[in-house]
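A closer look at the structure
The lines below spell out each chain.
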Amino acid sequence: MSELTPLMRQYSEIKSNHPDSILFFRLGDFYEMFGEDAVIASRTLQIALTTRDRGKEAPVPMCGVPYFTADTYIAKMIKAGYKVALCEQVEDPREAKGIVKREVVNVFTPGTFSPEDPRENNYIMSFFLKENLIGIAVADITTGEFLVYESIEDLRDEISRFEPKEILLPLSLKNNPLAADNLDGFYLTPYDDLHFDYLESYRALLKHFRVASLDGYGCEGMVVAVSAAGALINYLENNQKGNLSFKKINVLRRASCMFLDAATLRNLEITKNVRDGDRDGSLLGILDETITPMGGRLLRSWLHRPLIELNEIKLRQDAIDILLDNKRYSKLRGLLKGISDIERLASRISFGSANARDLLSLKASLKIVPEIKQLLALHSDNLLCDLNRQIDEFFDAVNLIESAIADNPPISLKDGGLIKTGFNRDVDELRQISGSARDFIAAIEAKERQRTGINSLKVGYNRVFGYYIEITKANLSQVPADYIRKQTLAGGERFITPELKEYEAKVLGAEDRLKNLEYEIFQEVRLKISGETERLQRAALAIATLDALSSLAHVAEKYNYARPLVDDGDTIHITEGRHPVLERMHLGERFVPNNALLDSGDNNILVITGPNMAGKSTYMRQIALIVLMAQIGSFVPAENARVGYVDRIYTRIGASDVITKGQSTFMVEMTETANILNNATERSLIILDEVGRGTSTFDGISIAWAVAEYIARQIKARTLFATHYHELTELALVLNGVKNFNIAVKEWGDEIIFLRKIEEGPTNKSYGIQVARLAGLPEDILERAKEILYNLERAELNELGAPKIAYSPQAADKSRSFGTGFRKSQLDLFTTQADPVIKELLGLDILNLTPIEALNKLYEMRRKLSDKPK
Ligand code: ADP
Ligand code: MG
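About the cut-offs
- Residues numbered from 1 in each chain as written.
- Chains lettered and ligands numbered in written order.
- Predicted model: local features only at pLDDT ≥ 70, side-chain atom pairs only at ≥ 80, totals over all residues.
- Heavy atoms only, no water.
- Helix = DSSP H or I, 4+ residues; strand = E, 2+ residues; numbered from the N terminus.
- Buried < 20%, exposed > 50% of the residue type's maximum accessible area, 1.4 Å probe, protein only.
- Contact = heavy atoms within 4.5 Å.
- Areas by Shrake-Rupley, 256 points an atom, 1.4 Å probe, with all protein chains shown as cover.
- Near = heavy atom within 4 Å.
- Polar contact = N/O pair within 3.5 Å; in protein donor to acceptor, adjacent residues only side chain to side chain.
- Nonpolar A, V, L, I, M, F, W, Y, C, P; charged D, E, K, R; others polar.
- Pairing = 2+ DSSP bridges.
- Core = buried A, V, L, I, M, F, W, Y, C linked by side-chain atoms within 4.5 Å.
- Axes fitted to C-alpha atoms, helices over the stretch in contact; angles between N-to-C directions.
- Phe/Tyr/Trp six-rings, centres within 6.5 Å; stacked < 30°, edge-to-face > 60°.
- 1 Å grid on protein atoms, 1.4 Å probe; cavity = no way out; pocket = protein on both sides within 12 Å on 5 of 7 lines; lining within 4 Å.
- Points joined across faces, edges and corners; volume = space filled by probe spheres on them.
- Arc of directions from axis to C-beta.
- Expected span 1.5 Å × (residues − 1).
- Parallel < 35°, antiparallel > 145°, perpendicular 65-115°, else oblique.
- Left-handed = near helix turned anticlockwise from the far one by under 90°.
- Salt bridge = Lys/Arg side-chain N within 4 Å of Asp/Glu carboxyl O.
- pLDDT = per-residue confidence, 0-100.
- Patch = residues over 30% accessible without salt bridge, like charges linked within 9 Å, V, L, I, M, F, W, Y side chains within 5 Å.

**A look at the overall build of the chain**
The number of helices and strands found in the chain is 28 helices and 27 strands. When the 870 residues of the chain are sorted by exposure, 52% land in the buried category. Taking as baseline every contact in the chain between residues at least 6 positions apart, the subset at least 24 positions apart corresponds to 68%. On the chain, roughly 40600 Å² of surface is accessible, and the fraction owed to carbon and sulfur atoms is 51%.

In structure tokens, the structure reads:
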């Protein structure tokens, strides 16, 4: 490190303050990277690596990107997991004495760089833990949203409600297993604990929001949340050098929305499908027909946080009804097409990064506002009227932009061309001067050609010499004495004249001053508009709401949804319900609608049996999705629906393997089940799909049985319970409020046909072998499987308690004599009262009954016999 050039000394100094970032170092029209940074960047960005070798210093690896394409490269670096520190020249190189002053103006991380999909928020989340309480702050710097709250839920669940691109956490928690376990797969930024100190945080918030207390926001005294929020503000201020557009703190009122945990969001495929994480195939994929990105973001957040306040739900439903009236939604959507992302534009204007084109698209959007307001000018009092009141008309802003900003401005702000002629006298004058001088220079060519008689004489311009006259070799003898030679080329020579230089000074002087003046005026205009930030943000939210509502109206009409009745009763009654996503897929068969009735009384727990592939999971999800849709205010895929509101939807679906986390399927399953049993209330909706599958059969049945019993007796949450253990249908015999349902199939010889219809009553077969045949298992195997099944069904265990799977009928002829047609073990599994029942049943003419009818009969009698308290 002996002799560095002044430039490299400056570089090293700045780099030493950002050791963990890739430093994009502005040099003229490029951002250059040096040393280790250059090696990483050239590999990540696929750009050439060269060396900087200036004799004096040791050669350094370097690479660079043009400044105007920097965004794409920054995005690539961030995607690859790096931070980028953007270092700019902060003074005009022409005015610099010595080396140009440079500073880092931004540090970009995943949570602070614009997202790839504008329909998603770019959240950064900060959390702090104290005993059982999690303090949470969530911000999106691209929209100006800042949210805080406290929670006693699982950290993982809280994180999945926002899907943050970056998580800020106290350094000391980084290796705390409690936190670390939940943070897998997220971009983490550990931050010094002292920033999470309550007093420090509190002060940071007061200072940032320029308030004297947090009372006005309703978060005074939320100690844990304030700690998280203060740290977040501190971090963002440091990284963004104060360029933030948060105008207020929102407190998330937890009690006002339905809580969906991480497992449920995933299982019900709310915003992304389980297969590849894409939005196609998710509920959002169906419901999101929003036109503006801000509408898309809002609808997404509605799905993450459905409502539970009936009044708010009704307001949205009423609004959708009004929008459906006369296809009002369609006109509204037509207008929304002209509206850009006002929310993000307002933010960029507010923190001074908006360019002239941004102002023009804001103007174009605001010009449509009066038309929208007119469409909403309705007489009755409803949500649409309320939204209308939130949207101001921005005549001043529109006029200012219209008169000040040129029609086709460049992206760059320093190259002129921003300000409209007629807006500012000085601008007009400078333009005139540079324009006429330019004309004069053009005229010099003609004049000099005539004077010298050289027809090939040309006037040209370059950065080094300014304007010059070029003469080819052949004509050099005719050059007049007053030409001053400047440069010799292969084919000729370049000259200047005093006259040329005089006009050059006029042009360049005027152009320079013009560019500076235009930039200044532009900044003034932008600052003026930024005074409207709060009003703009308010209007943006209202327009986003309109967009989300008209998307729901549009979808409701397109797919024939019905308005559900959402009330505080306990009944969920759905007639001809459909699965919103599956019904839109090409299944190769018509989607069969189904009814459902759940309440806290007789229809509290529905045990659903049926062979694999019959449609159990589909049926249960469809009910959960209909409830969820109803509670975001949407219409639902059903003929008719009544939804006694739900405070939480719990799901335990399928065998989700989280092998990477080192947990077995069974462990995951039991953890999720425990979460349900510990938290569900009478108002909850529980979906249990094949609980107990991950362990041995008897274990599994026992656990599933006990879980169901606990829900029926203790929790009384409305519950759907699908199982392939048909033994569980006996729950209905001993528990109040448990009903059996099955999904009908038709037997056809050795085959089955799926009817997709739910019907009351249990199944007594699992049809596994028939399903295996459908899947194409070889016939030999199916035959052998039938044989084994026969053995199993005859006597499941031998004298030693081991399964008699190896048993073969040929080898044990004599044992064929017993077997009554009933599987005694099944009936006896959980009750000791089987014998009198069977006796009574055998007295009946069972031959005229189908197996299901016979079984139902049996259950009915058993119910009579058992001393169930009613
Ligand atoms: P199960 O959980 O009983 O094994 P699924 O619910 O996974 O069965 O359904 C299996 C497949 O059956 C689905 O992927 C779908 O293609 C089809 N299916 C399910 N329900 C219906 C329905 N109501 N109408 C038409 N097809 C259905
Ligand atoms: Mg299933």
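Still to come is the rest of the account.
**Notes on the site of ligand 1**
In the region of ligand 1, 14 residues are neighbours, and Val592, Met613, Lys616, Ser617 and Thr618 sit closest. A distance of 2.7 Å separates an oxygen atom of ligand 1 from a polar atom in the backbone of Met613. The protein chains hide 83% of the 560 Å² of surface that ligand 1 would expose on its own. By residue number, the principal contributor to the shell around ligand 1 is helix α20 (residues 616–631), which donates 3 residues. The residue makeup of the shell around ligand 1, split by class, is 6 nonpolar, 4 polar and 4 charged.

**Points about the pairing of strand β25 (residues 718–722)**
Put simply, side chains in a regular strand alternate between the two faces of the sheet. Summarising burial for β25: 5 of the 5 residues are buried, a large majority. On β25, burial covers both faces: Arg718, Leu720 and Ala722 on one face and Thr719 and Phe721 on the other are all buried. In this structure, strand β21 (residues 605–609) lies alongside β25, joined through 4 bridges in parallel fashion. Looking across to β25, one finds that Ile608 is bridged to Ala722. In this sheet, β25 lies alongside strand β24 (residues 685–689) in parallel orientation, the contact comprising 5 bridges.

**Here we look at the nonpolar core**
Core analysis: the largest hydrophobic core is formed by 119 residues, its most contacted members being Leu287, Ile608 and Ile649. Looking at which element gives the most residues to this core, the answer is helix α19 (residues 533–558), with 13 residues. Among residues more than four places away in sequence, those in contact with Leu287 are Leu299, Leu303, Ser551, Leu552, Val555, Tyr561, Met629 and Ile632. Judged by nonpolar contacts, the second largest core, of 31 residues, contains Ile124, Leu206, Leu214 and Tyr235.

**Side note on the sheet that holds strand β22 (residues 640–644)**
An order of β18-β22-β19-β20 is seen for the 4 strands of this open sheet, with the pairing classed as mixed. Strands with a single pairing partner mark the edges of an open sheet, and in this sheet they are β18 (565–567) and β20 (594–598). For this sheet the average axis-to-axis angle between neighbouring strands, irrespective of direction, equals 10°. Where β18 meets β22, 3 bridges bridge the pair, whose relative direction is parallel. What sits directly across from Leu565, in β22, is Arg642. Taken strand by strand, α20 contacts β18, β19 (572–577), β20 and β22, and its axis lies near 70° from that of β20.

**Looking at the environment of Ile152**
Here Ile152 is to be found in the loop between β9 (145–151) and α4 (155–160). Spatially, the C-alpha atom of Ile152 lies 6.1 Å from that of Asn132, the residues being 20 residues apart in sequence. Those residues in contact with Ile152, other than ones at most four positions away along the chain, are Asn132 and Leu133.

**Side note on the packing of aromatic side chains**
Within the structure shown, the criterion is met by 18 aromatic pairs. Centre to centre, the rings of Tyr67 and Phe68 are 5.5 Å apart; their planes meet at 85°, and the pair counts as edge-to-face. Judged by relative accessible area, which is 29%, Tyr67 ranks as partly exposed. Plain terms: the ring middles of Tyr149 and Phe162 are 6.1 Å apart, the flat faces sit at 40° to each other, and that makes the pair tilted.

**Focus on empty space enclosed by the protein**
One pass over the structure, following the stated rule, counts 3 cavities of 30 Å³ or more. Considering only enclosed or pocket space, the largest cavity measures out at about 70 Å³ in volume. Lining the largest cavity are Arg119, Glu120, Asn121, Tyr123, Arg161, Phe162, Arg297, Arg300, Ser301, His304 and Arg305. Class assignment of the residues belonging to the lining of the largest cavity gives a composition of 2 nonpolar, 3 polar and 6 charged.

**A closer look at the environment of Asp288**
Its place among the elements puts Asp288 in the loop between α9 (283–287) and α10 (293–304). Taking relative accessible area as the criterion, Asp288 reaches 12% and is therefore assigned buried. A C-alpha to C-alpha distance of 7.0 Å links Asp288 and Leu299, two positions 11 residues apart in sequence. Here the side chain of Asp288 touches Thr290 through a polar contact of 2.5 Å, side chain to side chain.

**Some thoughts on helix α16 (residues 395–404)**
Turning to α16, its buried residues are Ala397, Val398, Leu400, Ile401 and Ala404. Along the long axis of α16, the arc covered by the buried residues comes to 165°, so they all point the same way. Facing away from the buried side of α16 by more than 90 degrees, the exposed set consists of Phe395, Asp396 and Asn399. Buried residues along α16 sit in contact with α14 (356–376) and α18 (498–530).

**Examining the sheet that holds strand β17 (residues 492–496)**
As summarised here, the arrangement of the 4 strands in space is β14-β15-β17-β16, forming an open sheet in which the pairing is antiparallel. Only two strands of the sheet have a single partner each, and these edge strands are β14 (458–462) and β16 (484–488). Averaged over neighbouring strand pairs, the angle between their axes works out to 40° when direction is ignored. Two elements, β14 and strand β15 (residues 466–472), share 5 bridges in a ladder whose sense is antiparallel. Considered in β15, the bridge of Gly460 is made with Tyr468. Each of β14 and β15 touches helix α17 (residues 425–452); the most contacted strand, β14, lies at about 140° to it. Sheet contacts for α18: β14, β15 and β17; angle to β15, the most-contacted strand, approximately 140°.

**Digging into helix α11 (residues 310–324)**
The terminal C-alpha atoms of α11, which comprises 15 residues, lie 21 Å apart, in line with the 21 Å expected from a rise of 1.5 Å per residue. All of the buried residues along α11 are Ile313, Arg316, Gln317, Ala319, Ile320, Ile322, Leu323 and Leu324. Turning to α11, the residues buried within the fold contact α10, α12 (328–336), α15 (383–390), α19, β18 and α20.

**Re the packing of α12 against α19**
Viewed as axis vectors pointing N to C, α12 and α19 meet at an angle of 135°, and their least axial separation amounts to 9 Å. With respect to α19, the element α12 is oriented oblique. Pair α12 / α19 crosses with left-handed handedness. When α12 is examined against α19, the residues Tyr329, Leu332, Arg333 and Leu336 are found in contact with a partner set consisting of Ile543, Leu546, Asp547, Ser550, Ser551, Ala553, His554 and Glu557. Among the residues making up the contact of α12 with α19, the classes are represented as 6 nonpolar, 3 polar and 3 charged.

**Brief notes about the pattern of salt bridges**
One pass over the structure, following the stated rule, counts 45 salt bridges. Between Lys15 and Asp37 there is a salt bridge, and its shortest N-O distance comes to 2.9 Å. Taken together, the positions of Lys15 in helix α1 (residues 6–16) and Asp37 in helix α2 (residues 35–45) put the pair 22 residues apart, joining distant regions of the chain. Assigned by exposure class, Lys15 and Asp37 land together as buried. Where Arg119 meets Asp117, a salt bridge forms, and the shortest distance between an N and an O atom there is 3.3 Å. When its relative accessible area of 33% is taken as the criterion, Arg119 is described as partly exposed.

**Side note on the confidence of the model for the chain**
Averaged over all residues, the pLDDT of the chain is 85; the fraction at 70 or higher stands at 86%. Within the model, the stretch residues 841–847 combines pLDDT values under 50 with 9 contacts to residues more than four positions away or in other chains.

**Description of a nonpolar patch on the surface**
Together, Trp748, Ile753 and Leu755 line one region of the surface with nonpolar side chains, adding up to about 330 Å² of accessible area. One can find Ile753 in strand β27 (residues 751–760). Residue classification places Ile753 among the partly exposed positions, given a relative accessible area of 40%.

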